[in-house]
Each structure stands twice: as C-alpha cells, then as structure tokens.
Amino acid sequence: MSEQRLLTIPTFSIMLEHHTIMRDIIREMDEMSEPYVREATFISRLHRYIQGQNKDKQKQLRTAFSTDNLLAAHILVDKDEFGGESRLIFDRSVIGVFRLFDHSLFQDLTDVALKIQLGGIRLLLAKLQSNTLLFSDSDLDFKELIDELFHRLSELLNSIRLNLVKMQMINQELSEASELAAKSDNPQVFSVLQRESIEKISLLLSRHILPTRQFLDEKSRLKDGPNLFECLQSLRSQFEHHQDHQRSTAMLKYEVSFNSFHSQISKVSQSVDQFLARSKKRLKQFNAIETAFSDLVKELGATRHNLKRSQIDGQFARDNGAFLGLMQQGRPKVLRISSSEAYLNNVVSDIEARVADQGLLEKNRYVDLISSKDDSTERRLERAECIYNLVKQMKMTEYQDLTLALQRRLKSNLPEYHFIDLLEGLNFLMRSNEILDGHAVKVTNFRNRIVQGDTVYLYRKIRTERVTQ
Amino acid sequence: MMTAFSQISMARSQQIYSTFVNGKVITKQAYDLYQQTFIESTLYTELYNNLDHFTQLYLHIGYNLNFNIEGEFFYISRSEAEEDADTNATKIQAILLIIARYWVDKGFDLDDLTTPVIGLGRSALEEIAEQTIYDDIRQALGIETWDKALNYLADRNFLYPCGDKHYVLSSAGMHFLNLHVEKYSQEQE
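Just so we're clear, the structure is a prediction, and the values are computed from it rather than from any experiment. (Residues numbered from 1 in each chain as written. Chains lettered and ligands numbered in written order. Predicted model: local features only at pLDDT ≥ 70, side-chain atom pairs only at ≥ 80, totals over all residues. Heavy atoms only, no water.)

A tally of helices and strands in chain B yields 8 helices and 7 strands. By the burial criterion, 50% of the 189 residues in chain B qualify as buried. The long-range share in chain B, meaning contacts at least 24 apart out of those at least 6 apart in sequence, stands at 59%. Counting only carbon and sulfur atoms, one obtains 48% of the accessible surface of chain B, whose full area is about 9100 Å². (Helix = DSSP H or I, 4+ residues; strand = E, 2+ residues; numbered from the N terminus. Buried < 20%, exposed > 50% of the residue type's maximum accessible area, 1.4 Å probe, protein only. Contact = heavy atoms within 4.5 Å. Areas by Shrake-Rupley, 256 points an atom, 1.4 Å probe, with all protein chains shown as cover.)

In this section: the pattern of salt bridges. Under the criterion given, the structure shown has 33 salt bridges over all chains. With a closest N to O distance of 3.4 Å, Lys143 of chain A and Asp147 of chain A form a salt bridge. Of this pair, Lys143 of chain A and Asp147 of chain A both sit in helix α8 (residues 140-168), 4 residues apart, which is roughly one turn of the helix. Between Asp109 of chain B and Lys281 of chain A there is a salt bridge, and its shortest N-O distance comes to 2.9 Å. Residue Asp109 of chain B is found in the loop between α4 (83-105) and α5 (122-130), and its partner Lys281 of chain A is found in helix α12 (residues 245-305); the two belong to separate chains. Put simply, Arg23, Asp24, Glu28 and Arg45 of chain A are held in one network by salt bridges that share partners. (Salt bridge = Lys/Arg side-chain N within 4 Å of Asp/Glu carboxyl O.)

Time to look at the interface of chain A and chain B. Many structure descriptions define interface size as the accessible area lost when the parts assemble. Tallying the contact residues gives 41 residues for chain A and 54 residues for chain B. Here chain A meets chain B over a buried area of about 4200 Å², counting both sides, of which 63% is carbon and sulfur. The tally of links between chain A and chain B comes to 4 salt bridges. Here Asp86 of chain B makes a salt bridge to Arg318 of chain A, at a shortest N to O gap of 2.1 Å. Here chain A and chain B share 15 residue pairs in polar contact (both at pLDDT 80 or more) between them. Looking at the side of chain A that touches chain B, the elements that each hand over two or more residues are α10 (187-215), α12 and α13 (315-320) of chain A. Examining the composition of the side of chain A that touches chain B, we find that 17 residues originate from one element, α12 of chain A, more than from any other. When its residues are assigned to classes, the side of chain A that touches chain B shows 20 nonpolar, 13 polar and 8 charged. (Buried area = accessible area lost by both parts, 1.4 Å probe. Polar contact = N/O pair within 3.5 Å; in protein donor to acceptor, adjacent residues only side chain to side chain. Nonpolar A, V, L, I, M, F, W, Y, C, P; charged D, E, K, R; others polar.)

Working note: regular strand, side chains alternate between the two faces of the sheet. Residue and element names in this part refer to chain A. The pairing of strand β2 (residues 76-82) with strand β3 (residues 85-90) spans 6 bridges and is classified as antiparallel. Across the sheet, Phe82 pairs through a bridge with Glu85, a residue of β3. Here β2 hands over to β3 after 2 residues, with Gly83 in that stretch at a positive phi of 55°. (Pairing = 2+ DSSP bridges.)

The next thing to look at is the pairing of strand β4 (residues 439-452) of chain A. All names here are of chain A. Two elements, β4 and strand β5 (residues 455-466), share 11 bridges in a ladder whose sense is antiparallel. Opposite Gln452, over in β5, you have Thr455 as the bridge partner. Two successive antiparallel strands, β4 and β5, enclose a turn made up of 2 residues, where Gly453 displays a positive phi of approximately 60°.

Residue and element names in this part refer to chain A. The antiparallel open sheet is built from 3 strands, whose spatial order is β1-β3-β2. In this open sheet, the two edge strands, each paired with only one partner strand, are β1 (37-38) and β2. Bridge count for β1 against β3 is 2 bridges, and the pairing is antiparallel. Within β3, the position partnered with Arg38 by the bridge is Arg87.

Time to look at the nonpolar core. Grouped together as the largest cluster of nonpolar side chains are 53 residues, with contacts concentrated most on Leu110, Leu120, Ile137 and Leu177 of chain B. Elements supplying a minimum of two residues to this core: α12 of chain A together with β5 (73-77), α4, α5, α6 (132-140), α7 (146-155), β7 (166-169) and α8 (171-188) of chain B. With 11 residues, α4 of chain B is the largest single contributor of residues to this core. Excluding residues that lie within four positions of it along the chain, Leu110 of chain B makes contacts with Gln285 and Ile289 of chain A together with Ala100, Trp103, Val104, Met174, Leu177 and Val181 of chain B. With 43 residues, the next largest nonpolar core counts Leu128, Leu145, Met167 and Val268 of chain A among its residues. (Core = buried A, V, L, I, M, F, W, Y, C linked by side-chain atoms within 4.5 Å.)

Glancing now at the confidence of the model for chain B. All names here are of chain B. Averaged over all residues, the pLDDT of chain B is 91; the fraction at 70 or higher stands at 98%. Within chain B, strand β1 (residues 26-27) carries the highest mean pLDDT (96), whereas α4 carries the lowest (89). Two summary scores accompany this predicted model of the complex, namely pTM at 0.58 and ipTM at 0.90. (pLDDT = per-residue confidence, 0-100.)

Right, let's get into the packing of helix α15 (residues 376-392) of chain A against helix α16 (residues 402-413) of chain A. Residue and element names in this part refer to chain A. Packing of α15 against α16 brings their axes to within 11 Å, and their N-to-C directions diverge by 130°. As far as their axial angle goes, α16 and α15 are oblique. Of the two elements, α15 crosses α16, and the hand of that crossing is right-handed. Within the contact between the two elements, α15 uses Ile387, Leu390 and Val391 and α16 uses Leu406, Arg409, Leu410 and Asn413. Grouping the amino acids of the contact of α15 with α16 by side-chain chemistry returns 5 nonpolar, 1 polar and 1 charged. (Axes fitted to C-alpha atoms, helices over the stretch in contact; angles between N-to-C directions. Parallel < 35°, antiparallel > 145°, perpendicular 65-115°, else oblique. Left-handed = near helix turned anticlockwise from the far one by under 90°.)

Moving on, we come to the sheet that holds strand β4 (residues 64-68) of chain B. Residues and elements named next belong to chain B. Read from one edge to the other, the open sheet built from 3 strands follows the order β1-β5-β4, with strand pairing classed as antiparallel. Each having just a single partner strand, β1 and β4 make up the two edges of the open sheet. When β1 meets β5, the two strands line up antiparallel, connected through 2 bridges. Opposite Thr27, over in β5, you have Phe73 as the bridge partner. Across the sheet, helix α1 (residues 10-21) lies against β1, β4 and β5, angled at about 65° from β5, the strand it touches most.

This brings us to the environment of Ser279 of chain A. Residue and element names in this part refer to chain A. Tracing the chain through its elements places Ser279 in helix α12. As a C-alpha pair, Ser279 and Gln194 span 85 residues in sequence and 7.5 Å in three-dimensional space. Residue contacts for Ser279: discarding those within four places in its chain leaves Gln194 and Ile198.

What follows is the structure, given as structure tokens:
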C-alpha cells in the first residue's frame, strides 16, 4: 500500500467515484450481519476491482483505500485485532451515505431496532410528562429535549420510508427470480431456486415486514408501554396543553405519515403473503407432477427395452387408478327387418337375380368331368375352364356378399366342390371387366364365415356396385 | 327411496346413455363455447339427483355407474377387466400428465388450466409438440398427432375447447392432477 496521505475530501471523492467497492463491502457486512469488515476481505475485494483499471487509477485507488489513509481521514473509526483477524470498522455516517445510492443496501428494520427507537421516544415523552420542565424555548434543557425528539422522529420516519421502498421492490425481485428459475432447463435447478426464494422471502416477511407492520399498527397493544401512536398522541396533548400549537400540529403530521406507511406496508405484506402461499402451492404441484411424470418416463423406457412392446403398458393406468374402464360401449343391435319399400325392393331384386341366374345356367349345362390317373394337369385346366364358364354365366347384379353368391353357385353345380374352386372363381370374376359388366368391386371391412367340411374360413365381404355413367 | 321411471326425464336419460356409451365422462360443469363460460350440466344434475335410480338402471343393463365425488364427474364401465379400457385410461392419464408437466415446468399454477381466460393456448400446444420427450410418449401411446391427442381428451370431456386452439381442463381432468398432488403431500408428511 502507498505511503502517501490524502485529506478526507479527496479520499471520499475517490470512494464515491468508485462506489461499487463500498457497495460490495456493505453487502458483505449485511449478509454476515456484522458491523465490521475483515481486512482480508476488504483487500481482496479491492484488488479484484483495481485489476480492471489503468496504471494511474490503480495507484490512486491504492493510495485512497489504504487502511492507514482511511484511518487518517476518519473514514475508518477503528481497526482492531480479534481472534487473529484484523477488522475494519467504518464510520456509520460514511456507510449511511453509500446506502443512499442503492436500494438494496437499505438495512432491513428488525423488531429490535424498532423497539429501541420506540424506547427512546417513550423516554423523552416521560420527561415531558414529568412536569419538571418549563415549556419554553428559552429553557436549554427543554430545547435540547425537543431537538432530540424531532431528530428521533425524523430518523424513524426516514428509516421506515427507505425500508418501504425496498420492500415495495420485492415483487419485482421475486418475478425476476422466478423468471431466472423458469429459464433453467433443468427442472431440479428450478425447484431448488424456488425453494431458496421461498426461504428468503419467508425470513424477510417474518423478521422485517411483519414486525414493521405491527409497529405501525395503531391498534397494537404492547406489554411494556404505549405504542408509537399512543406516544405521538400523548406528545400532541402535552404540546396542546402548553399552547404550543405548531409542535402539536407537527405531531399530528407524524401520526398521519406513520399511518400512511402502515397501509402501504400492509399492501406489501399481503402481496408477499399471497406470493408465498402461491409459491408453496406451486412448488408442491411441481414436485408432485415431476414424480408422476418420471414414472411415465420409466414406462416409456420399458417400451424401448422390449421389442415386443411398442406401446406404454396399461399397468401404468392401473397403478394410478383413475378412469379405469372408461371406453366406448357397444350399443344393442337392432334386427334389420322392416316393411319399408326400399327394404322389400332389395329382397325382391335379390330373388330375381338368383332366379335369372339359375335360368342362364339351365341353358348351358356343362359336361361332367371324369377323372383319370395321368391327366392331372389337363383335369385342372378343364376344371378351371368349367369354373370360368360357370362364373361367366353368372348374372351380374349388386351383390352384398359376392363370395357367398359365388359359393352358392359353385357348390351346387360343381362336383366335389372345394374351397380352392371358390378362390379360383373369385379370381376370374374380379379380373374380368366383361363378367363384372360395369360393376365396381368393393372389399369391405365386414367379415363373414363359410364352412367347408370341418374348416371355417373367415373372409371380408365383397360388394359389387353398379357404376352409373 | 328409488325414484320411479315415470319421474325421470326420458329425453335426458337417453342423452345420458348416449354420452356414456360413447365413452365420455359427464362433468358437473361443461364449458359453453357460445356463452364463453362454464355452465352447469343438466345431465350431471339429473344423475346426481337420482343417483340410486341410475345406479340400478346401469347395473340392470350390465354396467357400473362410477361417480367421482371430488372430481364431480360420472362415467360407466363394465365389471370385467377389458384391455381396451386400460389402454384408454393410459392414454388419458399420460396426455394429462404431459400437459401438467409442461405447465408446472413453466412455474404456472395447475389451477390456471381450469381458468378459461388462461387455459391451454396455441403457443403452449406448440411448445409441447416441440419437446422430444413429450413426442416420444405420444408415439408410445399410439397417437399419430398432437391434434389427435387433444381431441382424444376433448372427445371424452377431459378438455373443453374454449377458442381456436385453446382448451380448458374439465374437473375430471383436474381431478387426476389433484390426485397426484395429494398423493405427494401425503408422502411428504
């Protein structure tokens, strides 16, 4: 450190120019709740700051902030050694000036601090009430007492006002904190940040906001004596009693001011209260959903380990036990017989088609085939031709179930009818535009069964529809 | 005392039946898109006022009438276990959980999902669709698109549409999420 000494004003102006150093130091002290700063901390903070400066500035800062210089300029009131540590104690008024620059440096009012202030005012009130004083400005004792009273009241008013500004900025800080938390991608970080902000804010509420609010509450009753408003009212009546109307009005103004602070701080405490309740609720919701969601992700993981399972298992739903059995239910089937014209027309046209078909068949009676041992290929070809002819002669109309219609036809007209013949017949039919005769083939999703010997075949119904041109 | 059939509104009973067989729940309040507000469901009131009657009615035709008091909703199920039903429940639960996870991840209050002026909006739906984990789950549920996923809930009255690409959770949907919050709170105590 430099040996050069500076006067108080140049030292202080350098400190003001680089006020962030003091801001950080005061924050450090507030965080530790100590009225002093360790010299080691102070120097390390100073060094960090100095590194970013140019040579000239570095020299200037080293000079101004050297412990000896600060002591000489009365900015430090004391430097003591305690438990092997060197501690620096700044002048309170210096600290007070720097607090003015930054809302965040305003000291939180604690219950104790407020009680001490109130104690001082009570003491002064007791002296005024003791009738030992002459209520005259020419009396020096009285004058000193009055000056002290106004000093204390204005100091109290000011410290509450500054605190109020700080408290009113809490909501902004809270929203910034939760925004920061929301930006983090890791949900665990979010949860930790939320919990920390809840703890911080609960402490502020219980240690500072609520005591201040209670202190400013006109109706609060204190065990050890009158509350602030009772003191002010007594003071007012004392002044009035001695015809000192100016001072009596001043007391009334203080009452009004403190009262307005009470309503403002009540608003802050309400919104903080609500924030806390909301935050706690949200944190609980967050953790609960996160737990449930991680179970879901486990189920998802299970589908990735098992090739046979591509979908999340129903066990997941059973474990949670909500909405089980919820599904579309089958409605009762209605028997589709009616006496409507359309229905009867359908039946009649179906019968007509069958009769016409039978008529066609009668005209072209085919020759029965006789099997022999070595002509299997020929036989199959002949049989295929026979099926083809049967199919060709079929009367084409709008069938609801083409397979069934074809089966009826083949079964009664083909000896040793077999299922394979039906397939062959269908094959012919569906590939020949000539046979289809302007009908379109629709394979539906409705199913039907046919029986061949002991085997039951399941097939999709094929519909033919007349294409109108 | 059982209510006689003659005292039950037949039209409402029919509506209730057709809602149930379509696999939907009936909630106490349904969102009305035209009045822009939740309105009391007449079907729910009918069921609630004649609970014994409807319980018996559905037992007689082979169903259980399920009444959820906290969630304020009804639905029917068959007594025998059916695989389809579990698949449905899985889909509903999983989609609801995805919505809730997105919501709490944003630091929002779950109750806001049931508030029409807030609800689940277009940008939320887009952001959900963008996240891989949610998309993977949707696929593992066998649901092709996010539109289908939301319709799946809306078709069953777990969500009500309250605008273009804007949904609000029904009491039935919220019930499932509350269930998890309660379960978690109890585990913590």
